[in-house]
Amino acid sequence: MDERESLYFDTISLADSEAAAAAAAHRKSISQSRNTIYHSAVDLAGDEGRGSLRLPSGATAAEHAALAWQPGYRQSTALEHLNGGSGGGGGDHTDAAIAAQMIALQNGRGHLPTGIGVTGDGGAPGTGGADDEVSRRLLRSSSNISNKDKKLPITYSQWKSRTYRRFDDGKRSVDFVLAYNGEVQLEEHRRKCEIFEANLQREGLQLEHNKVQRVHFIKIHAPAEVLYRYAEILKIKVPLKPIPGQDQIFAESAHEFKTCLSRMCRTLFSSVQLNTALFPEREPRIHLEFSRNYLELYDTEHPNFLDAGTRYSIINFILQRQHFVEGEETADNLGIEKLVQDGVYTCAYTLHDKDDRDRLLKEWANISKWKNLQPLDQIKDYFGAKVALYFAWLGFYTQMLIPISIFGLLCFLYGFITWGTDPISRDICNDNGTIMCPQCDRSCDYWRLNETCTSSKFNYLIDNNMTVVFALSMAIWAVVYLEFWKRYSAGLVHRWGLTGFTHHVEHPRPQYLAKISRSRRLTGKAYEQDQTGKRTTLDPDVPFWSIKFLPNFTSYSIMILFICISVIAIAGIIIYRMAQRASHSILGSENSMTFKVMILPMTAGIIDLIVISLLDMVYSSLAVKLTNYEYCRTQTEYDESLTIKNYVFQFVNYYSSLFYIAFLKGKFVGYPAKYNRVLGFRQEECNPGGCLMELCMQLVIIMAGKQAVNAIVEMLIPYLMRTIKELSYRHGWYKSHQDQRLVPYNQFTEDYNLLPAENNSLYVEYLEMVVQFGFITLFSLAFPLAPLLALLNNVIEVRLDAIKMLRFLRRPVGMRARDIGVWHSIMTVVTRIAVASSAMIIAFSTNLIPKIVYAASMGDHELNNYLNFTLAVFNTEDFQVQPLLGGSQHVNETVCRYTEFRNPPTDPHPYKRPMIYWKILTGRLAFIVIYQNIITMLQGILRWAVPDVSGRLLKRIKRENFLLREHIIEYEKQHAMKMAQTEVGGGSLQKSNSGPRPHQRDNETLTRRSNDATSFV
């Protein structure tokens, strides 16, 4: 017996003993919150013919529940009830003892629970013999009652299964819930609620109030006729009954898929397949936009026919467009969001389904199921197409990471295998006499080149002969991934009946209509008043330059301001790296190579991550307010505007420090006689092996750190917030009286404690993954294991996102979608930027081009003297600022080396650029041009060769359209023939007019309706 059933059992089985009375007082608030359970169990409403000792017949359930806790209240025992009572006329007809005894019998008990006293013929109270007698007499008494009057008590579990997420009649489902504070409600708010609820009922929605606890709930149910009416208005596609000829189309499509290779792959990967017993494969269906004229054609038993997500979206559409002020029905007093914002209602939400959620939690939102495929059809039914497409995209992206992760791992292993063949790291480690110039002006000493032996070896792991091959593979992989996703999503969308859905059919946002109604320049255009005085809300054209320009300009100007703030913050971190002071007193000597090569970049990366996270939090909330200021007509336009502003900022915020290391660090340092300075500090220099190692460290810190921060924010914070909210309502922490607790005893009270699911709740999830996509495409050649890290993260991310949506968030309103929206365009742009980024990183941050030029110019193909070739010579007497060496062993050094291509001091043009530098620069620029053109050409060929929709699917769509058109034409002919026969035969014309379909149709109407029914492409 679960906890709530036990509480229910205790509530109805309290007796007149002192211990029971104490227990009753202890559970006062619980039983008060469950008075509906109490009275549902005994079914008082249908037993008006029987009297009560304390209340007259017909007393309300609330009066019964209140009476149960009055001083001196005594609940009769079971036998007192059956024998007519003791100590006063009549039995206690609350049936509490009967309900308790029935629970005991149903649970296999042979005696009454503790606290139920028994008197009469059976013996002393509480004895086993009396218990048996009570059981027999209860059952015999129940069997003697006529079927008409029989009201058997039920357990809490039985009651819960009947009314857990249904109306009190146990039949109508609860499709939507509104919640408000029933104790403190202003008169103005109460009046708005009445008007709003009356408008909902006029639309055909059925409402039922639940006022058991201090938070009152309004349960909403949408009857079939309401769903049909709005499904037709919203042009929702639903599956049809089998059409003659469709089996041939489906069979041919299935045969094309069932190739030898596909069957072999399915056998090899059988362990990752879904459990078909829990998630059976859906039979394919042809979909048609819903019309009540063709109601007979639809397959109402199919799971996709007005599924839960569709029902909730219809109700949400109605809620968003109902007024709550009489006589002044404007866009300012429209919609549930405005009521929630004003505090009239605390929230409005849909309900989780316990059975479906438990099944998804067990088989999908489960870390142990990490390798299994996702039940996308069931996710679509539960959350809607928009959420299902996100999880489909995330799963597809994760699967596509597998091949590139394996290749990156092989490239990394190649570096390990060929570790000892690198001439640069070998020469650095074997060198004992090369003295390098100090890396700061006064306090730094000379240092030996072999001190960077370890870092040069690690640098070779990512800067070797496979670097260019891996960069080329990443560029090709990115395009293949995007193109194949479009093909894959087209099949999903068609299977869900969303082919042909466009955002042009979306209705304007209520917030948009309210905004234009308040605009002085649009006065008179937002409404139209007829002769009766009724005002109709219009959707006028909003000119860009006179109205939209200023909000858009302001919004994007503030975005640019925050981008500048982000750049300034990154510049501050760069100044810190130049100063090398923040870590000096804590982490040891700045002359240490460990400090220069490892500690300083790591601390700078951690500080950079903290700054990035803080700016992200601030700007994310500001971006929503900026987007609200704009004139976004539909929800799609709103989401895309918010997405673009956020992503542009995040692009600069997350990638700017990496771009600095890749393209700027060590490129404009100058030379010891003339350093280029910023605020008096020398610019940072790269190690003799290059800056690629530091870029790798920064990438790992930011990428892995961001994923860790997101995991904490997405999972830990929602868990803590939900727990705190539940405890606060359960224990009344924020209330003066303990009896004001909110006890969850059904689905809508349980979901009330969950976190709200916002309309743009998927924005954070998409942003996290697209930023990750940018990391691996823009900079992964600096760390070939980056795709592997992304793969490991995403395998867990899919399950964590599922757990978050099922356990911590209220069920979101299902929304239609045919793709992932603007995110695909963003990733396409990032892919093109990645080509230029990879070309520049290879050209300027690796040793590829200098090695090629050196081997071609010097004829040293073994690169034996390449290290010396990259180090210039400097005369220590030419220092601008002489270093303070003190007791250093390098006091008498006359020559030092530095990483540059410059003439030696003995040259007629000392410290000037030699010809080899210009050759290398020319080679670098030429490589960028050639690399970009080759990759761009290959990407263009791939985009042309891989169409967005497969030829197989296009052929199937065309055949389905033809079949559907012919089927509807034949249906119209048959209907016209029936109507003609009815008219000729003198049938009751009036009766036919009262049917759900009009009987007069001409050829033009038939043609128009048949054409309208085939909007698939």
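As the structure is a prediction and not an experimental result, all values here were calculated from the model. (Residues numbered from 1 in each chain as written. Predicted model: local features only at pLDDT ≥ 70, side-chain atom pairs only at ≥ 80, totals over all residues. Heavy atoms only, no water.)

The next subject is the overall build of the protein chain. When helices and strands are counted, the protein chain shows 37 helices and 16 strands. Here the protein chain, with 1017 residues, has 51% of them falling under the buried criterion. Counting every atom, the protein chain has about 47,100 Å² of accessible surface; 57% of that belongs to carbon and sulfur. (Helix = DSSP H or I, 4+ residues; strand = E, 2+ residues; numbered from the N terminus. Buried < 20%, exposed > 50% of the residue type's maximum accessible area, 1.4 Å probe, protein only. Areas by Shrake-Rupley, 256 points an atom, 1.4 Å probe, with all protein chains shown as cover.)

Moving on to the environment of Tyr619. Positionally, Tyr619 belongs in helix α25 (residues 593-629). As for Tyr619 and Gln650, which are separated by 31 residues in sequence, their C-alpha atoms are 9.2 Å apart. Sequence-distant contacts of Tyr619, that is, excluding residues within four places in its chain, are made with Met559, Phe562, Lys645, Asn646 and Phe649. (Contact = heavy atoms within 4.5 Å.)

On to the packing of helix α21 (residues 467-495) against helix α35 (residues 951-984). The relative placement of two packed helices comes down to the angle between their axes together with the axis-to-axis distance. Two numbers describe how α21 lies on α35: the axes approach to 11 Å, and their chain directions differ by 25°. Judged on the interaxial angle alone, α35 and α21 are roughly parallel. In the packing of α21 onto α35, the handedness of the crossing is left-handed. Contacts between α21 and α35 pair Ala490, Gly491 and His494 from the former with Leu953, Arg956, Ile957 and Glu960 from the latter. Of the residues in the contact of α21 with α35, the class split is 3 nonpolar, 2 polar and 2 charged. (Axes fitted to C-alpha atoms, helices over the stretch in contact; angles between N-to-C directions. Parallel < 35°, antiparallel > 145°, perpendicular 65-115°, else oblique. Left-handed = near helix turned anticlockwise from the far one by under 90°. Nonpolar A, V, L, I, M, F, W, Y, C, P; charged D, E, K, R; others polar.)

Right, let's talk about the side chain of Ser555 for a bit. Within the element layout of this structure, Ser555 appears in helix α23 (residues 544-579). Since its relative accessible area comes to 0%, Ser555 is described here as buried. Once you skip the residues sitting within four places of it in the chain, Ser555 turns out to touch Leu626, Glu630 and Lys645.

Judged by nonpolar contacts, the single largest core of 128 residues is most densely connected at Trp393, Trp477, Tyr481, Tyr647 and Tyr655. It is helix α18 (residues 385-417) that contributes the most residues to this core, 16 residues altogether. By size, the runner-up hydrophobic cluster in this structure holds 45 residues, among which are Leu207, Phe250, Leu963 and Ile968. (Core = buried A, V, L, I, M, F, W, Y, C linked by side-chain atoms within 4.5 Å.)

Remark: helix α29 (residues 762-778) packs on helix α31 (residues 822-845), axes separated minimally by 8 Å, with the N-to-C direction vectors making an angle of 20°. Classified by the angle their axes make, α29 and α31 are roughly parallel. Crossing of α29 against α31: the hand is right-handed. Judged by residue contacts, Tyr763, Tyr766, Leu767, Val770, Phe773, Gly774, Thr777 and Leu778 of α29 engage Trp823, Ile826, Met827, Val830, Thr831, Ile833, Ala834, Ser837, Ser838 and Ile841 from α31. Looking at the contact of α29 with α31, its residues break down into 13 nonpolar, 5 polar and no charged.

This part takes up the state of the cysteines. As enumerated under the stated definition, the model contains 2 disulfides in all. Note on cysteine connectivity: Cys429 is disulfide-linked to Cys453, with sulfurs 1.8 Å apart. Taking the sign of the torsion about the S-S bond as the criterion, the disulfide between Cys429 and Cys453, at about 90°, is right-handed. In this pair, Cys429 sits in helix α19 (residues 423-430) while Cys453 sits in helix α20 (residues 453-462), placing the two residues 24 residues apart along the sequence. (Disulfide = S-S within 2.5 Å.)

The next point concerns the pattern of salt bridges. This structure, assessed with the given rule, holds 29 salt bridges. Between Glu203 and Arg229 there is a salt bridge, and its shortest N-O distance comes to 3.8 Å. Within this pair, whereas Glu203 is found in the loop between α10 (187-202) and β2 (206-210), its partner Arg229 is found in helix α11 (residues 224-233), the two being separated by 26 residues in sequence. For Arg943, the salt bridge is made with Glu483, and the minimal N-O distance between the two is 4.0 Å. Taken together, the residues span a long stretch of sequence, with Arg943 in helix α34 (residues 915-945) and Glu483 in helix α21 at a distance of 460 residues. (Salt bridge = Lys/Arg side-chain N within 4 Å of Asp/Glu carboxyl O.)

In this structure the tally under the stated criterion is 59 aromatic pairs. Pairing Phe217 with Tyr752 gives two aromatic rings, centres 5.7 Å apart and planes at 90°, and the pair type is edge-to-face. With Phe217 in strand β3 (residues 215-221) and Tyr752 in helix α28 (residues 747-752), this residue pair connects regions lying 535 residues apart in the sequence. For the pair Phe217 and Tyr752, a shared accessibility class is recorded, and that class is buried. Here the basic side chain of Arg810 rests over the ring of Tyr349, its NZ or CZ set 4.9 Å away from the ring centre. Here the basic side chain of Arg811 rests over the ring of Tyr382, its NZ or CZ set 3.7 Å away from the ring centre. (Phe/Tyr/Trp six-rings, centres within 6.5 Å; stacked < 30°, edge-to-face > 60°. Lys NZ or Arg CZ within 6 Å of the ring centre and 35° of its normal.)

Okay, the environment of Cys564 next. The topology assignment puts Cys564 in helix α23. When the C-alpha atoms of Cys564 and Val652 are compared, they prove to be 9.2 Å apart, with 88 residues separating the residues in sequence.

Taken together, the 4 strands give an open sheet; going across it, the order is β2-β3-β1-β6, and neighbouring strands pair in antiparallel fashion. Of all the strands in the sheet, the pair left with one neighbour each is β2 and β6 (347-349). Strand-to-strand twist across the sheet, computed as the mean angle between neighbouring axes with direction ignored, equals 20°. Across 3 bridges, the pairing between strand β1 (residues 176-181) and β6 is antiparallel. (Pairing = 2+ DSSP bridges.)

One non-glycine residue, Lys235, lies in the positive phi region at around 55°. The residue Leu306 is not glycine, and still its phi comes out positive at about 45°. Here Leu306 lies in the loop between β5 (287-289) and α14 (308-319).

As a further point, take the pairing of β2. Judged from the 5 bridges that link them, β2 and β3 form a sheet pairing that is antiparallel. Opposite His209, over in β3, you have Ile218 as the bridge partner. Taking the residues between adjacent antiparallel strands as the criterion, β2 and β3 are bridged by 4 residues.

Averaged over all residues, the pLDDT of the protein chain is 75; the fraction at 70 or higher stands at 71%. A low-confidence stretch, residues 148-152 stays under pLDDT 50, and its non-local contacts, those more than four residues away or across chains, total 7 contacts. (pLDDT = per-residue confidence, 0-100.)

In an α-helix, one full turn covers 3.6 residues, which means residues spaced three or four apart are oriented alike. For α35, built from 34 residues, the straight-helix expectation of 50 Å at 1.5 Å per residue is met to within 8% by its first-to-last C-alpha distance of 50 Å. Buried residues of α35: Leu953, Arg956, Ile957, Glu960, Asn961, Leu963, Leu964, Ile968, Tyr971, Glu972, His975 and Met979, and no others. (Expected span 1.5 Å × (residues − 1).)

Taking 1.5 Å as the rise per residue, α18 with 33 residues should run 48 Å; its terminal C-alpha atoms sit 48 Å apart, in good agreement. Approximately 30° is the largest bend angle found in α18, and it occurs at Ile402, with the proline Pro403 only one to four residues beyond. (Bend = angle between axes of the 7 residues up to and from the residue.)

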